[in-house]
Amino acid sequence: MKIYPQWKGWSRLLVGLVLCLVLLATVAKASAAAGTDPYKILGVTKHATLQDIRRAYKQLAKEWHPDKSDHPEAETKFVEIKQAYELLSDSERRKAYDLYGITNEDAHLYKERPDYSNYGRFPDPFEQFFGHNFNFHDQDISLFHRLSITSKYYETNIVPKSHHTPQILMFYSDWCFSCMKAANSFKKMIDTLEPFGVTFATINAGHENQLVRKVGVHSLPCVIMVLDGHNYVYKESVYNTQRVVEFIRQKLPYKLLPAVDDGSIDSFLQGWSDNRVRALVIEPRSQVRLRYLITAFHFRDRVAFGFVQLNSQKTQHIQERFKIHPSLDTLLIFNEDSTRPVASISMSDIPTPTLNNIISMNKYLALPRLSSQAMLEGVCPAEWNRPRKRLCVVLVTENISTHDEARQAMRRIAMESTYSPERVRFAYIYQEKQTEFISALAEQSKLKETMLKVVIIWRKDAKHIKYEWVHDATLETLNKSVENETHDIHYNNTKQKLDGAIQRLLRSSEALTYEAEVKDLLDEHAQGLVIRILNKVLLAFEYMTENLGQEHILPALSVVGTIAFILAAGYLMSYLVRLEEENIQKKQSKSPEDKNGKVQNYVPELRLHELRAEKYNGLVRLLKPGCRTIVLLTDMQSRSKLIPAFHKAVWPYRKNKTLMFAHMLIEKGIGWYAELLRLSLSESREMKINPRNCIGTVIALNGHRKYFCMYHAKHPESNRGAKRMMKMTRQLSTMPSDPEAGAFLGMDSSDSETSTSDISEPKILLEENLLDGLPNWLDRLFEGTTHRYYINYWPDFTSK
């Protein structure tokens, strides 16, 4: 059988892949056997169900619990059992362990990271043409693939961690020559800065386009530092470690480690009223090392750092006071006692893990203030799953000077306490700041006065706490005239009462009396609205100066200039219009005089004529073609109300020379109006009209073409002719809900019936509302959509 060369290549490739998979499985099994096997720790098989794993864990936990077992390695064994159970109870981590032998807690993150490790494993086409000496892919490019993350990982991990630790991101792409050249420099950067606490990751720009636009990547490769939730672009073309260090220094907060000398040491150490521990970084150099800056940034919420330069004449007193070695780096941590540090370390190069461990164990004052929810979580964490209770002894005070003595006494008790901080913590709280928290404790226990009282709490979970008030232990301020002996007796009694209550509640069989549901504490250190706005403005200005180049600034200035020009032109036009209106008002306010000096009456631009017999021919019969007269029907009572509304409605049409406007008293023209309506009907009948129902009617008369259009608030107008209108009128007139609908056309039987209906009808139009629909009707009139009522001749106008 003939085998083609290309099939030979693929068969070799498949065989190689199978061998690699077998080798990886063997290595994973060997590493799992060499390390701790969670299945063996729990004593279950690899095919055990979740119920079997839980059952085995409960049995082993009871047997090896440190409180129930006297074995010297019970605690270590218990930790291994717990870690094995956490691994096998998580389906994703268990699967990762079974397949690859991964046991670390971040195994679930591997599924979020694209696997680029196999890129470049297949035969390179350039090598086939140019030989095996042509290496297109640098070997170090695999480093980018191993550290590659996704947008989701960026949002859920990188941004939150950046509030405590700088995060360096390298953006690259698969076929980027510059990225391949920068790989070795990036590796050296990781080796140098990672021990200081800086975290590194890479992002494939081809797979995360949205994130590339979000962080402002300008070219590839590109280094971005995420610090305190903000992105800062490294714009240098050379990826030198020293330049990156200077870049990080510039972006860290200003005065993170202020200089401290002999003149400012006391004020610095005694400034713990801000609820932060004091720490001195002492170095025999003029500039703080990056490792100390990063550590200070990490613990800035709990520790206030100061820098002491050893080779300065201004710090000689500090060196002698604390016995500082002149050539070593030294870290001193102080609580409320500024005379001696609670922790210290001196080395030529203090490792970052050592710094973090020492500061973490001493980051709280002897008597911290519960000033935020984060402080409460650190001092009194929720430990519902721990067998031993962790108590917090809290003094309720106010932020006034008269309570300083009570807080000082509580601080003295905390410093003299022999309890481990892991079991008992002492703290105080401001009642006026944390009103809801204190009110919840007082409400359940029905305690009326909580000031200067001591409460012992144990946090059951994040929202529920158990507590008990120590009523016998009072720290009320004593009068200064009281003798020291009496003061000491009072202090000793209070301390004895507290010790007795603490020892009793530490027993596992003893329970706290009350339980309450509380809300999160108010953050007393939160910035005000003005400060937050200023910070946002400064951050925006910094972002623009860092990321906007000339190609961005010029279009932005063009847009801003265009908007400013439009606003200025609009303001100028409105100003000119306002001047013109003021001039017109001034001219109208001045009464013109004739030649004889007599004041002439001002004649308005719109004239309303009264339709009478002597003006009838001029307003109706002798109208020129295309001209119309619009007439309002009123009576003596409604005249003063309807004419102003009619004048307002027809005012926009005052300059139309084909229109004339008039009003007619229905008492004088009732005969003419009745005859006009009779001529518009298709049948001859006698018209009986109630004059009151005709008030508010507007008729548009076309004298030349002999037709008129009619408006009334209840006029059932239709485009299908007079018969349809009469039919609708009859239907409306017979409806009990609105008997006035056809009254203006003479459909009422008598005035008495109308008056009776008016009394019983709740929805009656008032005179003020009769002309509300007139502007809309005028629009339809000039559009030609209103119904026209044609007549053969205009009736004579005879006064009543």
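As the structure is a computational prediction, the values presented were derived from the model and not from experiment.

## With respect to the overall build of the protein chain
Reasoning step 1: Helix and strand content of the protein chain: 27 helices and 19 strands.
Reasoning step 2: By the burial criterion, 41% of the 800 residues in the protein chain qualify as buried.
Reasoning step 3: Taking as baseline every contact in the protein chain between residues at least 6 positions apart, the subset at least 24 positions apart corresponds to 72%.
Reasoning step 4: In the structure as shown, the protein chain presents an accessible area of about 46,900 Å², 53% of it carried by carbon and sulfur atoms.

## Observations regarding the packing of aromatic side chains
Reasoning step 1: Applying the stated criterion across every chain, the model contains 17 aromatic pairs.
Reasoning step 2: Relative to phenylalanine 200, the ring of phenylalanine 186 has its centre 5.8 Å away and its plane inclined at 80 degrees; by these criteria the two rings are edge-to-face. With phenylalanine 186 in helix H9 (residues 177-193) and phenylalanine 200 in strand E2 (residues 199-204), the pair connects residues that are 14 residues apart, well separated along the chain.
Reasoning step 3: With a relative accessible area of 1%, phenylalanine 186 lands in the buried category.
Reasoning step 4: Classification of phenylalanine 200 by relative accessible area gives buried; the value is 8%.
Reasoning step 5: Members of the aromatic cluster, joined through ring pairs, are Phe144, Tyr172, Phe186 and Phe200.
Reasoning step 6: Taking NZ or CZ as reference, arginine 278 lies 5.5 Å from the ring centre of phenylalanine 268, over its face.
Reasoning step 7: For arginine 412, the ring lying beneath its charged end belongs to tyrosine 491, and the centroid distance is 4.0 Å.

## Observations concerning the pattern of salt bridges
Reasoning step 1: Scanning all chains against the criterion turns up 32 salt bridges.
Reasoning step 2: In this structure, the salt-bridge partner of aspartate 329 is arginine 285, at a minimum N-O distance of 3.1 Å. On the criterion of sequence distance, the pair formed by aspartate 329 in strand E7 (residues 329-334) and arginine 285 in the loop between strand E5 (277-283) and helix H13 (290-298) is long-range, its members being 44 residues apart.
Reasoning step 3: Exposure remark for arginine 285: the relative accessible area of 24% places this residue in the partly exposed category.
Reasoning step 4: Two residues, glutamate 377 and arginine 459, come together in a salt bridge whose shortest N-O distance is 3.1 Å. Of this pair, glutamate 377 sits in helix H16 (residues 373-379) while arginine 459 sits in strand E11 (residues 453-459), placing them 82 residues apart in sequence.

## With respect to the side chain of arginine 425
Reasoning step 1: Of note, arginine 425 is situated in strand E10 (residues 424-430).
Reasoning step 2: Among buried charged residues, arginine 425 stands out as having no salt bridge; its nearest opposite-charge side chain is glutamate 422, 6.0 Å away.
Reasoning step 3: The contact partners of arginine 425, leaving out residues within four places of it in the chain, are Tyr364, Leu365, Val379, Arg390, Leu391, Cys392 and Val393.

## Focus: a positive patch on the surface
Reasoning step 1: On the surface, Arg54, Lys58, Lys62 and Lys68 cluster together into a positively charged patch.
Reasoning step 2: Assignment of secondary structure puts lysine 68 in the loop between helix H3 (50-64) and helix H4 (74-89).
Reasoning step 3: Given a relative accessible area of 65%, lysine 68 falls into the exposed group.

## Quick notes on the packing of H9 against helix H11 (residues 241-251)
Reasoning step 1: Look at H9 against H11: their axes get within 10 Å of each other, and the N-to-C directions meet at 55 degrees. Considering the angle they form, H9 stands oblique to H11. By crossing handedness, the relation of H9 to H11 is classed as right-handed. Taking contact as the criterion, the partners of Lys188, Met189, Thr192 and Leu193 in H9 are, on H11, Thr241, Val244, Val245 and Ile248.
Reasoning step 2: In terms of residue class, the contact of H9 with H11 is built from 5 nonpolar, 2 polar and 1 charged.

## Remarks on the state of the cysteines
Reasoning step 1: Counted according to the given criterion, the structure contains 1 disulfide.
Reasoning step 2: Each sulfur of the disulfide joining cysteine 380 and cysteine 392 lies 1.9 Å from the other. Taking the torsion about the sulfur-sulfur bond, which here is approximately -130 degrees, the covalent link between cysteine 380 and cysteine 392 counts as left-handed. Of this pair, cysteine 380 sits in the loop between H16 and strand E9 (391-397) while cysteine 392 sits in strand E9, and the two are 12 residues apart along the sequence. Residue cysteine 380 shares its accessibility class with cysteine 392, and that shared class is buried.

## Re unusual backbone geometry
Reasoning step 1: Of note, the amide linkage connecting leucine 220 to proline 221 takes the cis form, showing an omega dihedral of -5 degrees.
Reasoning step 2: Among the structural elements, proline 221 can be located in the loop between helix H10 (209-215) and strand E3 (222-227).
Reasoning step 3: A positive phi angle is found at lysine 323, which is not glycine, with a value near 55 degrees.
Reasoning step 4: With respect to the element layout, lysine 323 can be found in the loop between helix H14 (316-322) and E7.
Reasoning step 5: Assessed through its relative accessible area of 72%, lysine 323 is described here as exposed.
Reasoning step 6: Unusually for a residue other than glycine, leucine 452 sits at a positive phi of about 60 degrees.

## Comments concerning the nonpolar core
Reasoning step 1: Grouped together as the largest cluster of nonpolar side chains are 54 residues, with contacts concentrated most on Leu193, Leu257, Leu290, Phe305 and Leu331.
Reasoning step 2: Apart from the residues within four sequence positions on either side, leucine 257 is in contact with Val281, Val288, Tyr292, Leu293, Ala296, Phe305 and Phe307.
Reasoning step 3: Counting 29 residues, the second-largest nonpolar core is a separate cluster that includes Tyr419, Ala473, Leu505 and Leu512.

## Quick look at the packing of H13 against helix H15 (residues 352-361)
Reasoning step 1: Relative to each other, H13 and H15 sit at 35 degrees, their axes nearing to 10 Å. The interaxial crossing formed by H13 with H15 has right-handed handedness. Contacts from Arg291, Tyr292 and Thr295 in H13 reach Thr352, Leu355, Asn356 and Ile359 in H15.
Reasoning step 2: For the contact of H13 with H15, a count of residues per class yields 3 nonpolar, 3 polar and 1 charged.

## Focus on the pairing of strand E15 (residues 628-634)
Reasoning step 1: Within E15, 7 of the 7 residues are buried, which leaves the element mostly enclosed by the surrounding structure.
Reasoning step 2: In terms of strand pairing, E15 meets strand E16 (residues 659-665) through 7 bridges, oriented parallel. Each bridged residue has a counterpart across the sheet, and for threonine 629 the counterpart in E16 is methionine 660.
Reasoning step 3: At this point the chain moves from E15, through helix H23 (residues 639-650), to the parallel E16, and the crossover so formed is right-handed.

So, how was this worked out
Residues numbered from 1 in each chain as written. Predicted model: local features only at pLDDT ≥ 70, side-chain atom pairs only at ≥ 80, totals over all residues. Heavy atoms only, no water. Helix = DSSP H or I, 4+ residues; strand = E, 2+ residues; numbered from the N terminus. Buried < 20%, exposed > 50% of the residue type's maximum accessible area, 1.4 Å probe, protein only. Contact = heavy atoms within 4.5 Å. Areas by Shrake-Rupley, 256 points an atom, 1.4 Å probe, with all protein chains shown as cover. Phe/Tyr/Trp six-rings, centres within 6.5 Å; stacked < 30°, edge-to-face > 60°. Lys NZ or Arg CZ within 6 Å of the ring centre and 35° of its normal. Salt bridge = Lys/Arg side-chain N within 4 Å of Asp/Glu carboxyl O. Lys, Arg positive; Asp, Glu negative; His and termini not counted. Patch = residues over 30% accessible without salt bridge, like charges linked within 9 Å, V, L, I, M, F, W, Y side chains within 5 Å. Charge placed at Lys NZ, Arg CZ, Asp CG, Glu CD. Axes fitted to C-alpha atoms, helices over the stretch in contact; angles between N-to-C directions. Parallel < 35°, antiparallel > 145°, perpendicular 65-115°, else oblique. Left-handed = near helix turned anticlockwise from the far one by under 90°. Nonpolar A, V, L, I, M, F, W, Y, C, P; charged D, E, K, R; others polar. Disulfide = S-S within 2.5 Å. Core = buried A, V, L, I, M, F, W, Y, C linked by side-chain atoms within 4.5 Å. Pairing = 2+ DSSP bridges. Right-handed = clockwise from strand over helix to strand, strands pointing away.

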